[in-house]
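Breakdown of the fold
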Amino acid sequence: MADKYQIKHEGIVETAEGGHARVRILTQSACASCHAKGVCTAADLQEKIIDATCDRPYATGDKVILTGNSKSGLQAAWWAYILPLFLILGTLIITFSITRNENLTGLLALGILVPYYLIIKLLNKKFFKTFSFTIKPSTE
């Protein structure tokens, strides 16, 4: 039942030291696995580097399985996209109802994101613990 909420990706260790590793994974959209991807321009294949914790030493080039909790993905979407959207909308509504100045309203609505993302950056270590991935050796 625990596997139901697990995200798994195969990856290759880029660097590893002190209980942390940087793992390169290849992500693809549904289009990338489609049989007609050669005809369509929507094929999407990307390499990403993910920081992960490890309980044993790994060498550069080792094949691993990167696992994470899917529930933490929803929580990350909340902090990165949904809450900032609410901040922008709230700032737009409140500022325009008070000032009736569209230029000031737009500037403040975008400006509210600067302190928000600075706070997120300051809490980076806390978020790293919350949204962590772990790696295990690949069975291949």
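Scroll up to find the structure this text is about.
First, a word on what this report is: a plain description of the structure on this page. (Residues numbered from 1 in each chain as written. Predicted model: local features only at pLDDT ≥ 70, side-chain atom pairs only at ≥ 80, totals over all residues. Heavy atoms only, no water.)

Describing unusual backbone geometry
Note: most peptide bonds trans; most residues except glycine with negative phi. Rules: Strands here are runs of E lasting at least two residues and helices are runs of H or I lasting at least four, both read from the DSSP assignment and numbered beginning at the N terminus.
In the Ramachandran plot, R100 falls in the positive-phi region, its phi being about 60° despite a non-glycine side chain. Here R100 is to be found in the loop between helix 1 (70-99) and helix 2 (102-111).

Side note on the pattern of salt bridges
Defined as follows: Salt bridges are counted wherever a side-chain nitrogen of Lys or Arg sits within 4 Å of a carboxyl oxygen of Asp or Glu.
This structure, assessed with the given rule, holds three salt bridges. For R22, the salt bridge goes to D51, with nearest N and O atoms at 3.1 Å. Residue R22 is located in strand 2 (residues 20-28), and its partner D51 is located in strand 3 (residues 45-53); the two are separated by 29 residues in the primary sequence. By sharing partners, the salt bridges in this structure join E14, R24 and E47 into a single network.

Brief notes about a nonpolar patch on the surface
Quick note on the threshold: Residues with no salt bridge and a relative accessible area higher than 30% make up the patches, which join like charges within 9 Å and nonpolar side chains (Val, Leu, Ile, Met, Phe, Trp, Tyr) within 5 Å. Note on areas: Shrake-Rupley, 1.4 Å probe, and residue coverage restricted to the protein chains presented here.
Residues W78, W79, Y81, I82, L85, F86, L89, L92, I93, I94 and I98 make up a contiguous nonpolar surface patch of about 1,100 Å² in total accessible area. Positionally, L89 belongs in helix 1.

Observations regarding the side chain of T95
The condition is simple: Here's how the labels work: a residue is buried when its accessible area is under 20% of the maximum for its type, exposed when over 50%, partly exposed in between, all with a 1.4 Å probe on protein chains only. Within 3.5 Å is the distance limit for a polar contact, defined as a pair of N or O atoms, with the added protein rule that one can donate a hydrogen and the other accept it, and that residues adjacent in sequence qualify only through two side-chain atoms. Contacts are residue-level and defined by heavy atoms, with any inter-residue pair within 4.5 Å sufficient.
Among the structural elements, T95 can be located in helix 1. Here T95 falls in the buried class, since its relative accessible area comes to 11%. There is a polar contact of 2.8 Å between the side chain of T95 and the backbone oxygen of T91. Those residues in contact with T95 that sit more than four places away from it in its chain are R100, T105 and L108.

Description of the side chain of S138
In this structure, S138 sits in the segment after strand 5 (133-137). Among all residues touching S138, those that are not within four sequence positions of it are K63, V64 and I65.

Comments concerning the environment of A52
Residue placement: A52 occurs in strand 3. Between the alpha carbons of A52 and G68 there is a distance of 9.3 Å; along the sequence they are 16 residues apart. Residues contacting A52, with those up to four places away along its chain left out, are G19, H20, A21, L66, F133, T134 and I135.

Focus on the nonpolar core
Here is the rule: Here, nonpolar core means buried Ala, Val, Leu, Ile, Met, Phe, Trp, Tyr and Cys residues that are tied together by side-chain atoms lying within 4.5 Å of each other.
Grouped together as the largest cluster of nonpolar side chains are 11 residues: V13, A21, V23, I25, I50, A52, C54, Y58, V64, L66 and I135. At three residues, the largest contribution of residues to this core is made by strand 2. Other than its neighbours up to four places away in sequence, C54 contacts G19, H20, A21 and I135.

What to know about the packing of helix 1 against helix 3 (residues 113-122)
Selection criterion: Only C-alpha atoms enter the line fits that serve as axes; for helices the fit covers just the stretch in contact. Angles between N-to-C directions range over 0 to 180 degrees. Just so you know how the angles are binned, under 35 degrees is roughly parallel, over 145 roughly antiparallel, 65 to 115 roughly perpendicular, and the rest oblique. Two helices crossing with the near one rotated counterclockwise from the far one by less than a right angle form a left-handed crossing, whereas a clockwise rotation gives a right-handed crossing. Think of it as three bins: nonpolar holds Ala, Val, Leu, Ile, Met, Phe, Trp, Tyr, Cys and Pro, charged holds Asp, Glu, Lys and Arg, and polar takes everything else, Gly as well.
Remark: helix 1 packs on helix 3, axes separated minimally by 11 Å, with the N-to-C direction vectors making an angle of 150°. If you check the angle between helix 1 and helix 3, you find them roughly antiparallel. The two elements helix 1 and helix 3 cross, and the hand of that crossing is right-handed. On the side of helix 1, the interface is formed by W79, A80, L83, P84, L87 and I88, while helix 3 contributes L113, Y116, Y117 and I120. Residue composition of the contact of helix 1 with helix 3, grouped by class: 10 nonpolar, no polar and no charged.

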